[in-house]
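Residue-level structural notes
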Amino acid sequence: MNEFEPNPPRAAAKSGVGDHTGTESAAAHGAADTAASDEATHAQSATQALPPGVLPVVAVRDTVLFPGTVFPLAIGRATSIRAVQHAMHAESPIGILLQRDAETVDPAAVDLHEVGTIANILRYVNAPDGGHHIVVQGLQRFRVLEFVEGQPFLAARVEPMVDPEEQGTEIEARMLHLRQQAIEALQLLPSVPQELTVAVQSVGSAGALADLVCAYLDTSVGEKQDLLETADLAARIDKVSAILAKRIEVMRLTREIGQRTKATFDERQREAILREQMASIQRELGEEGGKSAEVAELGKAIDAAQMPDAAREIAHKELRRYERMSDGAPEAGMVRNYLDWLTELPWAEPEPRPIDIHEARRVLDEDHFGLDKIKQRIIEFLAVRKLAPHGKAPILCFVGPPGVGKTSLGQSIARAMGRPFAHVSLGGVHDEAEIRGHRRTYIGSMPGNIIQAIRKAKARDCVMMLDEIDKMGRGVQGDPSAAMLEVLDPEQNSTFRDNYLGVTFDLSRVTFITTANMLDTVPGPLRDRMEIISLAGYTESEKFEIARRYLVRRELEANGLRAGQATITDDALRQIIRDYTREAGVRNLEREIGRSLRHAALRIAEGATEHVDIDADALDAILGPPRFDNEAAMRTSTPGVATGLAWTPVGGSILFIEATSFPGKGGLILTGQLGDVMRESAQAALSIVKHRAHELGIDEKHLGRLDIHIHVPAGATPKDGPSAGVAMFTALVSLLTARTVRSDTAMTGEISLRGLVLPVGGIKEKIVAAAAAGITRVMLPARNRRDFEEIPAEAREHLEFIWLERVDDAIAAALEPAHGKTETEAFNAI
């Protein structure tokens, strides 16, 4: 084979035998190499000739030498220098072995692979910087039989590996395919030496061709060593062909990507040149149109928008920038979008809109049933806006459970004021930019939700509903509730600055109305800027009127029915309210009415009938069996069970406190997923019972030998708060005295260790829930009398209220007379 020194192998062989990958630095290692050379020369003179079959071995890093190839190597280890100098002196070949770990500084026999290449040293050079370089030519594979000790360098007894004789058409076919692959790969590479192409085409041996291709493959050292160790010729050619096919595919894709990138760049450059030439021709012909007309139109829109001076100045500045930009410039679209936003916002001072108080009252009565106090407050709000149109009106915040009409109240206010209505949902918002907007430096940036809603409403004095303000979050992008402080502050929102616009926008003429289900998650400073208006749940009669006046008509239209095709009787509506829904609002009621009417629509669509009258008897077949019943009487029929009242974010509800006892050591067990405050209330209730055991007729001695278990059902629902204290105390006394709690009575109130009943919150929601559950007597803390006026009139008429000063009042009013043995008497009997 012809000798040549191609660039790729030379680059690959930079990591020869040395302490570094490549040629060593003369400054760092010159002195060490000189000393090593002297030592090697001295050792060589004293070394005898090696036994037959033993070769001096040079360990190399990151380089695999194949038979028939020429590689340069840089050597730096003293043992390697001695081995090379011995081979030069004895005019014998050397063995090239790859290290298993390239990081090993002084490899031993176990650190080297067993298969290497026998090589002739073609040239040995001592560099001026003290380095040692050799050029070697691979001759034949060998396998190490054993390493020979007693030499100043690595030496091994080796067995040459002879390539099998090439025979058969399969070897010839594999060789032809590999040659074609190698030529294709060389054609895909830039700046390939002509000698290498000639060498690939002229090699006549299959094994030599495989070794030549292996030497120049761009693959890992481990894969090359595997190819060197593959003795079977067919298997070796197959492995080389597979690796080469993968590299050819990568090179093809690389070339295609490069060509596409170049073509795209050339096309853009060509387009820019043509656009510039076209603009020059239009200027020469005096036919400047297109963008000039667009710029003129934008200028007129800016002047017609009646912007403030600062905004108009910025708009004209951006317009001049846009005029100088090429249409193909990436920033041109961003500037045009910004100008569109500026020109489409309602900057002009809105014209006064008259407010008719009588018409506003009519609209509210038409859209909503009941809510008299809420409507009165809204009428007062509108009256102030009528008398002081430019005054700083308060921000109304409607708080109540879902489905009570908070959002529809905002729509009614907008209709009563004759203004556009804008709705902004704040649920789940956790980025400040959703309120203030994104800066224009970002791709796809937009104004915040406030400016977007005003643009959509096309009015600066719109009524804007900020829905679910209690469900805003906080994230790494900022706190949106902090941004809302400026929006909802009448003293600041006249100079609201959106980050996208970059100029101030007056929000003082916007009528803001917010809604929330609960105020606990609304920050204090934000809550302080709003006037809270609470909406309690509806009573049964209010739900009936809402269903009869609004919901049935709405569901008839939604299901494609006319008023004469289907009707729902009053008894059916009342039964749906009582047996199929249990909620503060009317959303589920509307769904159940819709289900009933869909049943009627199906029968009419099938042609079975022309009119469907849905009465109470038909509900079982349409809606199924009743989902709710009056379980208070059933669950309080045994001692130890009391009915309490609870407040939740979706309205009030009743809950049952169950107590039981069994022999033990006076312990208390609490279950039902109770919070810390509620657990403390149970402990306080038991302490009062123990302290007053004698007064209550309970045997103190045996009370200490009972374990008491208090459970609050619906264990999957977390519960907390102090308002169940009275109910827990009553349940314990009922258990220990064998006196049942009246089934028509529910109670709420916090207790103290002195036996006082303390006030609690959520009275209105709790009373509405008690009335809906069929309760007729309610025991409340005496200090909650101030909340009596907030209770709906219907509930006040149908419920008996018992005001509690001390826990003794609760026992006297709630417990039935004793009819059996007390718990302690039963325990003594045992």
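Residues numbered from 1 in each chain as written. Predicted model: local features only at pLDDT ≥ 70, side-chain atom pairs only at ≥ 80, totals over all residues. Heavy atoms only, no water.

Quick look at the overall build of the chain now. Within the chain, the secondary structure is distributed over 30 helices and 24 strands. Classification of the 830 residues of the chain by burial places 48% in the buried group. A sequence separation of at least 24 residues applies to 74% of the contacts in the chain between residues at least 6 apart. For the chain, the computed accessible surface area is about 40,400 Å², with 51% contributed by carbon and sulfur atoms. (Helix = DSSP H or I, 4+ residues; strand = E, 2+ residues; numbered from the N terminus. Buried < 20%, exposed > 50% of the residue type's maximum accessible area, 1.4 Å probe, protein only. Contact = heavy atoms within 4.5 Å. Areas by Shrake-Rupley, 256 points an atom, 1.4 Å probe, with all protein chains shown as cover.)

Evaluated as defined, the whole model comprises 38 salt bridges. Two residues, Asp238 and Arg174, come together in a salt bridge whose shortest N-O distance is 2.8 Å. Taken together, the positions of Asp238 in helix 8 (residues 233-285) and Arg174 in helix 4 (residues 169-188) put the pair 64 residues apart, joining distant regions of the chain. Note on Arg174: relative accessible area 24%, which makes it partly exposed. A salt bridge links Glu486 to Arg436; the shortest N-O distance between them is 2.7 Å. You can see Glu486 sitting in helix 17 (residues 480-487) and its partner Arg436 sitting in helix 15 (residues 433-436), a full 50 residues away along the chain. Arg436 matches Glu486 in its accessibility class, with the two residues each being buried. In the salt-bridge network here, residues are joined through shared partners; they are Glu318, Arg321, Glu331 and Arg440. (Salt bridge = Lys/Arg side-chain N within 4 Å of Asp/Glu carboxyl O.)

Let's shift gears to the packing of aromatic side chains. A full pass over the atoms with the stated rule returns five aromatic pairs. Aromatic side chains Tyr338 and Tyr500 sit 5.8 Å apart centroid to centroid with 70 degrees between the ring planes, which places their arrangement in the edge-to-face category. One end of the pair, Tyr338, is in helix 11 (residues 330-344); the other, Tyr500, is in the loop between strand 10 (496-497) and strand 11 (504-505), with 162 residues separating them in the sequence. On the accessibility criterion, Tyr338 (0% relative accessible area) is buried. When the centroid spacing of 6.1 Å and the interplanar angle of 70 degrees are considered together, the rings of Phe788 and Trp803 count as edge-to-face. Remark: Trp803 occurs in strand 24 (residues 800-804) and Phe788 occurs in the loop between strand 23 (777-781) and helix 28 (793-798); sequence separation between them is 15 residues. (Phe/Tyr/Trp six-rings, centres within 6.5 Å; stacked < 30°, edge-to-face > 60°.)

This next bit is on the nonpolar core. Among the nonpolar cores identified, the biggest contains 54 residues, and Ile94, Ile96, Ile134, Val136, Leu178, Val213 and Leu244 are the most heavily contacted of them. If you tally residues by element for this core, the top one is helix 8, at eight residues. In contact with Val136, not counting residues within four places along its chain, are Leu65, Thr69, Val70, Phe71, Leu73, Ile94, Ala119, Asn120, Ile121 and Leu122. Of all hydrophobic cores here, the second largest spans 53 residues; its members include Ile355, Ala393, Leu396 and Ile577. (Core = buried A, V, L, I, M, F, W, Y, C linked by side-chain atoms within 4.5 Å.)

Before going further, it helps to spend a moment on helix 7 (residues 221-229). Side chains that are three or four residues apart share a direction in an α-helix, a result of its 3.6 residues per turn. Listed in full, the buried residues belonging to helix 7 are Lys224, Gln225, Leu227 and Leu228. The arc that holds every buried residue of helix 7, seen down its axis, measures 155 degrees, which confines them to one face. (Arc of directions from axis to C-beta.)

Turning next to the pairing of strand 9 (residues 463-467). Summarising burial for strand 9: five of the five residues are buried, a large majority. Neither face of strand 9 is exposed, since Val463, Met465 and Asp467 on one face and Met464 and Leu466 on the opposite face are all buried. Sheet topology note: the strand 8 (residues 421-425)/strand 9 ladder contains five bridges and is parallel. Bridge assignment links Ser425 to a residue of strand 9, and that residue is Asp467. Inspection of the sheet shows strand 9 paired to strand 12 (residues 511-516) by four bridges, in the parallel sense. Residue Met465 lies in a different strand from strand 12, and its bridge partner there is Ile513. (Pairing = 2+ DSSP bridges.)

Tracing the backbone through its elements, the reader meets Pro420 in the loop between helix 14 (406-417) and strand 8. When its relative accessible area of 25% is taken as the criterion, Pro420 is described as partly exposed. Between the alpha carbons of Pro420 and Val463 there is a distance of 6.2 Å; along the sequence they are 43 residues apart. The residues contacting Pro420, other than those within four sequence positions of it, are Arg353, Ala414, Ala457, Ala459, Cys462 and Val463.

All right, on to the sheet that holds strand 7 (residues 395-399) then. Here we have five strands laid out as an open sheet, ordered 8-9-12-7-13, and parallel in their pairing. The outermost strands of the open sheet, each flanked by one partner alone, are strand 8 and strand 13 (530-534). On average, each strand axis in the sheet is tilted by 25 degrees relative to the strand beside it, whichever way the strands run. (Axes fitted to C-alpha atoms, helices over the stretch in contact; angles between N-to-C directions.)

Packing of helix 20 (residues 570-580) against helix 21 (residues 587-605) leaves a shortest axis separation of 10 Å and a crossing angle of 125 degrees. As summarised for this structure, helix 20 and helix 21 are arranged oblique, according to the angle between their axes. Judged by the twist between their axes, the crossing of helix 20 over helix 21 is right-handed. Of the residues in helix 21, those touching helix 20 at Leu573, Ile576, Ile577 and Tyr580 are Leu589, Glu592, Ile593 and Ser596. (Parallel < 35°, antiparallel > 145°, perpendicular 65-115°, else oblique. Left-handed = near helix turned anticlockwise from the far one by under 90°.)

All right, on to the pairing of strand 2 (residues 70-75) then. Most of strand 2 is tucked away: six of the six residues are buried. Burial along strand 2 is two-sided: the residues Val70, Pro72 and Ala74 and Phe71, Leu73 and Ile75 are all buried. Direction of pairing for strand 2 relative to strand 5 (residues 132-148): antiparallel, over a ladder of six bridges. When the bridges of strand 5 are listed, Phe71 appears paired with Val136.

Bringing unusual backbone geometry into the picture now. A positive phi is found at Gln306, a non-glycine position, where the angle reads about 55 degrees. Classification of Gln306 by relative accessible area gives exposed; the value is 52%. Phi is positive for Gln673, close to 55 degrees, though the residue is something other than glycine. By secondary structure assignment, the location of Gln673 is in the loop between strand 18 (668-671) and helix 24 (676-691). According to the relative accessible area criterion, Gln673 is partly exposed, its value standing at 41%.

Here the focus is the packing of helix 12 (residues 357-367) against helix 13 (residues 372-387). Helix 13 packs onto helix 12 with a crossing angle of 150 degrees between their chain directions and a minimal axis gap of 10 Å. Compared by their axis directions, helix 12 and helix 13 come out roughly antiparallel. Both helix 12 and helix 13 take part in a crossing whose hand is right-handed. Taking contact as the criterion, the partners of Ile357, Ala360, Arg361, Leu364 and Asp365 in helix 12 are, on helix 13, Lys375, Ile378, Ile379, Leu382, Ala383 and Lys386. Taken together, the residues that form the contact of helix 12 with helix 13 break down as seven nonpolar, no polar and four charged. (Nonpolar A, V, L, I, M, F, W, Y, C, P; charged D, E, K, R; others polar.)

Moving on to the confidence of the model for the chain. Model confidence for the chain is summarised by a mean pLDDT of 81, while 89% of its residues fall at 70 or above. Every residue in residues 1-46 scores below 50 in pLDDT, and together they form 88 contacts with partners more than four places removed in sequence or on other chains. Confidence over residues 826-830 falls short of pLDDT 50; this stretch has eight contacts with residues more than four positions distant or in other chains. (pLDDT = per-residue confidence, 0-100.)

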